[in-house]
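Residue strings, one per chain:
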Amino acid sequence: MDSGIIQVALPSIKNALGYTEANLQWVMNAFLILFGGLLLLDGRLSDLFGQRRIFMLGVSILTIASLFAGLAWNEMSLNVSRAIQGAGSALISPAALSLIMILFSANKKEMGKALAFWGLSGAAGGSLGIVIEGVLTQLLNWRWTLLFYVPVGILVLIVSPKLLEKGKKKIGRIDYAGAISVTAALILIVYGIVTAEHNGWQALSTILPLIIGAVLFIIFILIQVFAKEPLMPLRIFKTPNLAAGNVALILLSASWFPLIYFLILYLQQIMKFEPFTAAMGMLPAPVLMAIFMIVLAEKVMTKFGMKVTMFIGFLILGCSALLFSGNTVSGSYWSDVFIALLLAALGNALAYLPATTAAVSEAKSEESGLASGLYNTRYQVGSAVGLAILVSIAAETTSITEGNPVVALNQGYQQAFFWSGILAFAGAILALLFIRSPKQEE
């Protein structure tokens, strides 16, 4: 909900705080970078100190950061507040998923249902966030889309001790060197990609962060090899389907998240929808995804297995993105948006459940926090890097397109949708080549 509630308000934020078209993505990426960079560490913390305790600490940080984000006075203050929101969310997500994995680890069939409901909770949160955001932005202003989270956070803190189990603790150390190196690597790599739009891919300001980020990531891997208690023990990748599942999550998030980001901008800046109308236009996506996740995806995966379900899901998602890439400045919502949006929701639901199951379901209970952190890290890294790359492609296309500014802007969006589809098709190929269904393993 917290990542979704800001999207419809982006054009209003752009006008109020003076963001450029390229820098506007930092409202999302500031959140996603810290979220993705800290998830491995926070998954480890939930294993060491108990899932409920870490969950509530995360909600507290998120609530306070939401207050400051709602009161932001310039571009920098909002970006910093959003980054702190991401840090709080990084404590919440692996702790919550770890609790689910521990509860259902003894029954794989029930685990599949639990993960479907986990997916539903994300879709329902996104749905509610988009609706509330459209109403608040239209009737009040964009600040209330962030301030809204303060009473919600307080309510969660009140009910958590009564509703959540404490979770399990274990004795161990924290790999601070690994956490610092992987977080810094992620930030530098995404920063380098983003600045490429302004300075070009051959500029020192682009190449240097990318090189340093790559070196830091190699250092992180070496730390994991030699540390006594590494942040991410590499043995976990021997778990069946875990590595392929995590790569699938990267491709899924890198395709889905930018698709939604650019579709919201298309509705408001090309089709000239008001914030509330745009919110209503986007509402079918999370609602349909929630329905498909519970009613269809789990049954399809039970009957056909992870490989086939994931392949079909990625294929449908890729086709929907290609449909969006043909949108024009005179497009109609029902013919140019709704049908493709329905297909995108179906494809995402069918790809998401088997990718998540592959990434976490076979992990040992004592490594549930690590597997949860790894799963969430890959998903958020895919979102941040995918968005950075596609924003760069869209901005470059817009800048070199002559003529009507609206047509040029739409040309950029078309390219972003096209490459979103290519990423989804890459996920379909990955499913065919590397995912093994339980029947194949037997």
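This one's a predicted model, so the numbers in the text were calculated from it and none came from an experiment.

Considering the overall build of the protein chain
Broken down by element type, the protein chain carries 16 helices and zero strands. Going through the 442 residues of the protein chain one by one, you find that 58% of them count as buried. When contacts within the protein chain are restricted to residue pairs at least 6 apart in sequence, those whose partners lie at least 24 apart make up 84%. In the structure as shown, the protein chain presents an accessible area of about 18,000 Å², 70% of it carried by carbon and sulfur atoms.

Let's talk about helix α1 (residues 10-17)
Quick reminder: α-helices carry 3.6 residues per turn. Residues three or four places apart thus point the same way. Here α1 has its buried residues at Leu10, Pro11, Ile13, Lys14 and Leu17. Looking down the long axis of α1, one finds its buried residues gathered within 160° of arc, a one-sided arrangement. Buried residues belonging to α1 abut α2 (26-49), α4 (75-104) and α10 (242-270). Phi for Gly18, located one or two positions after α1, is positive at around 80°.

Structural notes on the nonpolar core
Across soluble globular proteins, nonpolar side chains have a tendency to be buried as a group. Membership of the largest hydrophobic core comes to 112 residues, with the highest contact counts inside it found for Ile13, Leu78, Tyr261, Phe262, Leu267 and Phe314. Considering each element in turn, this core owes the most residues, 17 residues, to α10. Look past the residues within four positions of Leu78 in its chain and what remains in contact with it is Ile13, Leu17, Tyr19, Val27, Ala69, Ala72, Trp142 and Leu146.

What about the environment of Leu296?
Tracing the chain through its elements places Leu296 in helix α12 (residues 284-324). For the pair Leu296 and Leu350, spaced 54 residues apart in sequence, the C-alpha to C-alpha distance is 8.0 Å. When sequence neighbours within four positions are dropped, the list of residues in contact with Leu296 reads Ile291 and Leu346.

Overview of the packing of aromatic side chains
Summed over the entire model, instances satisfying the criterion amount to nine aromatic pairs. Ring geometry for Tyr261 versus Phe262: centroids 5.2 Å apart, planes at 85°, classification edge-to-face. Residues Tyr261 and Phe262 agree in their burial class; the two are buried.

Comments concerning unusual backbone geometry
The backbone phi angle of Lys272 is positive, close to 65°, even though this residue is not glycine. One can find Lys272 in the loop between α10 and α11 (275-282).

Observations concerning helix α3 (residues 51-70)
Over its 20 residues, α3 extends 28 Å from the first C-alpha to the last, a length consistent with the 28 Å expected when each residue adds 1.5 Å. Turning to α3, its buried residues are Gln51, Arg52, Ile54, Phe55, Gly58, Val59, Leu62, Thr63, Ala65, Ser66, Ala69 and Gly70.

A word on the packing of α2 against α3
At their nearest, the axes of α2 and α3 sit 6 Å apart, and the two run at 130° to each other. One finds that α2 runs oblique with respect to α3. Mapping the contact onto sequence places Asp42, Leu45, Ser46, Asp47 and Phe49 in α2 and Gln51, Arg53 and Ile54 in α3. When its residues are assigned to classes, the contact of α2 with α3 shows three nonpolar, two polar and three charged.

Examining the packing of α10 against α11
Running from N to C, α10 and α11 cross one another at 135°; their axes reach a closest spacing of 9 Å. The pairing of α10 with α11 is recorded here as oblique in orientation. Relative to α11, α10 is oriented so that their crossing is right-handed. Contact with α10, carried on its side by Ile260, Leu263, Ile264, Leu267 and Gln268, involves Pro275, Ala278 and Met282 of α11 and no other residues of that element. Of the residues belonging to the contact of α10 with α11, the class tally is seven nonpolar, one polar and no charged.

Procedures and definitions
- Residues numbered from 1 in each chain as written.
- Predicted model: local features only at pLDDT ≥ 70, side-chain atom pairs only at ≥ 80, totals over all residues.
- Heavy atoms only, no water.
- Helix = DSSP H or I, 4+ residues; strand = E, 2+ residues; numbered from the N terminus.
- Buried < 20%, exposed > 50% of the residue type's maximum accessible area, 1.4 Å probe, protein only.
- Contact = heavy atoms within 4.5 Å.
- Areas by Shrake-Rupley, 256 points an atom, 1.4 Å probe, with all protein chains shown as cover.
- Arc of directions from axis to C-beta.
- Core = buried A, V, L, I, M, F, W, Y, C linked by side-chain atoms within 4.5 Å.
- Phe/Tyr/Trp six-rings, centres within 6.5 Å; stacked < 30°, edge-to-face > 60°.
- Expected span 1.5 Å × (residues − 1).
- Axes fitted to C-alpha atoms, helices over the stretch in contact; angles between N-to-C directions.
- Parallel < 35°, antiparallel > 145°, perpendicular 65-115°, else oblique.
- Nonpolar A, V, L, I, M, F, W, Y, C, P; charged D, E, K, R; others polar.
- Left-handed = near helix turned anticlockwise from the far one by under 90°.

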